[in-house]
Amino acid sequence: MRPLLDTPISPTEGAVARAAALASPVTGAVRCVIALGNALGEGVLWSVREQAVYWVDILQRELHRWDPATGAHQRWTFDEEISAIAERAHAPGFIVTLRRGFALFDPAADIAPRYLHQPEPDRAGNRFNDGKCDAQGRFWAGSMDFACEAPTGALYRYDPDGSCTRHDDGFAVTNGPTWSGTGQGAAMFFNATIEGNTYRYDSDLAAGTVSNKTLWKHWLPEDGLPDGMTTDAQGRLWIAHWGGWCVTCHDPVTAAELGRVRLPVSQVTTCAFGGADLRTLFISSARVGLTPEQLAAEPLAGALFAVDTDSLGLPAHPFGG
């Protein structure tokens, strides 16, 4: 099946894809990959070219790499928060979001990251948070209030030519985005975490623009808060729940829950498909803010987890620069 992420689909294709999207995924037992006690594990990325998983600990200012074939773990420490990464298509290393914006970093080179653009010189209380690339190699990322209170966060698109565009504004905490094609056309999804809202935008993939923002789902308190997310090859959304002990799978049109992966930790932060066949869901978590009693009840808080699924994931799109 052609991935729904990359192109709008015809009504006939849409009917077939919708039937497939309604299928409930099958998942295996959750396993702990590595228990590092990350303060705020985030930004999970499967590197197809390295066959390894990367993720960050935002508050500890660390980038991590784990090789499933050897079990080897590597760690890089930064002078400021690092929150999201994407591989570069035509050069080694990554584009990353640091506290103040977009930068380049090559783990193989013994040099500090190099800033490309800092779009918020007037928002000193902000930092960047989640982000990823679209199919055209543009890096979308959101900023947020470091205190998770003021609606000072925004959604940006950073292009390989160095241009940066602000597409939305007024968020306390941002997470996502992810994309899915549906019978309604290509869509981008984005989380306003503190408000408990997931928004859908019409996505013009050629132009790199979004429009017609609508509320896709408002989450109830018992759901926790919507955090990072990804899309599988059938267009289904997989969403991590901060305070909700789970990752849920959803129909991209109706938002109906199709499946749930329960975790032994409450603060589930993001997820991404990986493994040699792109059917393993890697899931990050956090321990920041938990009381001593909660930490005693959640000894794996801050670990990286994995679960095998029957769902085919999509390779992460690289940055075009």
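What counts and how
- Residues numbered from 1 in each chain as written.
- Predicted model: local features only at pLDDT ≥ 70, side-chain atom pairs only at ≥ 80, totals over all residues.
- Heavy atoms only, no water.
- Helix = DSSP H or I, 4+ residues; strand = E, 2+ residues; numbered from the N terminus.
- Buried < 20%, exposed > 50% of the residue type's maximum accessible area, 1.4 Å probe, protein only.
- Contact = heavy atoms within 4.5 Å.
- Areas by Shrake-Rupley, 256 points an atom, 1.4 Å probe, with all protein chains shown as cover.
- Pairing = 2+ DSSP bridges.
- Axes fitted to C-alpha atoms, helices over the stretch in contact; angles between N-to-C directions.
- Core = buried A, V, L, I, M, F, W, Y, C linked by side-chain atoms within 4.5 Å.
- Salt bridge = Lys/Arg side-chain N within 4 Å of Asp/Glu carboxyl O.
- Disulfide = S-S within 2.5 Å.

Engineer: Outline the overall build of the chain, listing residues and values.
Structural biologist: Broken down by element type, the chain carries two helices and 24 strands. Expressed as lengths along the three principal axes of its C-alpha atoms, the size of the chain is roughly 50 × 45 × 40 Å. Residues classed as buried in the chain amount to 57% of the 321 residues present. For the chain, the share of sequence-separated contacts (at least 6 apart) that also reach a separation of at least 24 residues comes to 49%. When the accessible surface of the chain is split by element, carbon and sulfur atoms take 54% of a total near 12,400 Å².

Engineer: With reference to specific residues and values, describe the sheet that holds strand E11 (residues 139-145).
Structural biologist: Across the sheet, which stays open at both edges, the four strands sit in the order E10-E11-E12-E13 with antiparallel pairing between neighbours. Looking along the sheet, the strands with just one partner apiece sit at the ends: strand E10 (126-133) and strand E13 (164-171). Averaged over all neighbouring strand pairs, the angle between strand axes comes to 20°, with direction disregarded. Sheet topology note: the E11/strand E12 (residues 153-158) ladder contains four bridges and is antiparallel. Residue pairing for E12: Trp140 is matched across the bridge by Arg157.

Engineer: Let's hear about the nonpolar core: which residues, and what values?
Structural biologist: Membership of the largest hydrophobic core comes to 18 residues, with the highest contact counts inside it found for Trp238, Val247, Val261, Leu263, Val268, Leu281 and Ile283. Contributing elements (two or more residues each) for this core: strand E19 (237-242), strand E20 (246-250), strand E21 (257-262), strand E22 (268-274), strand E23 (280-285) and strand E24 (304-308). At three residues, E22 tops the list of elements feeding residues into this core. Beyond its immediate stretch of four places on either side in the chain, Leu263 contacts Val30, Trp245, Cys246, Val247, Val268, Ile283 and Phe305. The next biggest cluster of nonpolar side chains, apart from the first, holds 16 residues, and it includes Leu45, Trp76, Leu98 and Ala103.

Engineer: An account of the pairing of E11 is requested, with residue identities and associated values reported.
Structural biologist: With seven of seven residues buried, E11 is to be regarded as a mostly interior element. When E10 meets E11, the two strands line up antiparallel, connected through six bridges. Following the sheet pairing, Asn126 is matched in E11 by Asp145. Counting the residues in the hairpin turn of E10 and E11 gives five residues, including Gly137, whose phi is positive at 80°.

Engineer: Any chance you could break down the pattern of salt bridges for me, citing the residues and the numbers?
Structural biologist: Counting across every chain of the model gives 15 salt bridges. With a shortest N-O distance of 2.8 Å, Arg65 and Glu50 are connected by a salt bridge. Of this pair, Arg65 sits in strand E4 (residues 62-66) while Glu50 sits in the loop between strand E2 (41-47) and strand E3 (52-57), and the two are 15 residues apart along the sequence. A residue is classified by how much of its surface remains accessible, and Arg65, at 13% relative accessible area, is buried. Salt bridges sharing partners connect three or more residues here, namely Glu120, Arg123, Arg166 and Asp169.

Engineer: If you had to explain the environment of Asp67 to someone new, which residues and values would you point to?
Structural biologist: One can find Asp67 in the loop between E4 and strand E5 (73-77). For Asp67, a relative accessible area of 15% puts it in the buried group. Considered as a pair, Asp67 and Tyr54 are 13 residues apart in the sequence and their alpha carbons are 9.0 Å apart. Those residues within four positions of Asp67 in sequence are excluded, and the remaining contacts are Gln51, Ala52 and Ala72.

Engineer: Go over the sheet that holds strand E1 (residues 31-34), please, and point to the residues and values.
Structural biologist: In spatial order, the strands read E1-E24-E23-E22; together these four strands make up an open sheet with antiparallel pairing. A strand with exactly one partner marks an edge of an open sheet, and here the two such strands are E1 and E22. Neighbouring strand axes in the sheet, compared pairwise and without regard to direction, differ in orientation by 30° on average.

Engineer: Describe the state of the cysteines, with residues and values.
Structural biologist: In the structure shown here, the tally under the stated rule is zero disulfides. Looking at the unpaired Cys133, the closest cysteine sulfur is the one in Cys164, lying at 13 Å. Cys271 provides the cysteine sulfur closest to Cys246, a residue in no disulfide bond, and the two sulfurs are 10 Å apart.

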